[in-house]
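Overview (structure and organization)
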Amino acid sequence: MTTALGALGIAAVQAVALCMIPLGLPGIWLQVAVLGATTWAMHRPLGVLLGAATLAIASEIVEILAGRWGARHFGGSRHAAWGALLGGFAGLFIGTPVP
């Protein structure tokens, strides 16, 4: 019974994290954190956690590169691209949205 409740809790957190992503909130990192807590609590190997963290980092890199491409393609300046990147990091630490 405890395992079923734990799995249900994990599924609920994953669903909330998926809903956070379109709002610009760091849902993918919540998913990785929950996977890390589950891996630690269940004494599982770290391979799956490292794979998820690698995919999360790769998705962040793709997001940054897509922003740079969009800025160049649609006429944004280099300063605008850096401003968007720094604003994204500020939003990560301060909260979303940052004016």
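Below or above, wherever it landed, is the structure these notes cover. (Residues numbered from 1 in each chain as written. Predicted model: local features only at pLDDT ≥ 70, side-chain atom pairs only at ≥ 80, totals over all residues. Heavy atoms only, no water.)

Between its first and last C-alpha atoms helix H3 (residues 47-73) spans 38 Å; for 27 residues at 1.5 Å apiece the expected length is 39 Å, and the two agree. Turning to H3, its buried residues number three or more, namely Leu49, Ala56, Gly70 and Ala71. In the segment just after H3, glycine 75 is the residue with positive phi, at about 90°. (Helix = DSSP H or I, 4+ residues; strand = E, 2+ residues; numbered from the N terminus. Expected span 1.5 Å × (residues − 1). Buried < 20%, exposed > 50% of the residue type's maximum accessible area, 1.4 Å probe, protein only.)

Under the criterion given, the structure shown has one aromatic pair. Arranged with centres 6.3 Å apart and planes meeting at 80°, the rings of tryptophan 69 and phenylalanine 74 form a pair that is edge-to-face. (Phe/Tyr/Trp six-rings, centres within 6.5 Å; stacked < 30°, edge-to-face > 60°.)

Geometric values such as these leave the question of function open.
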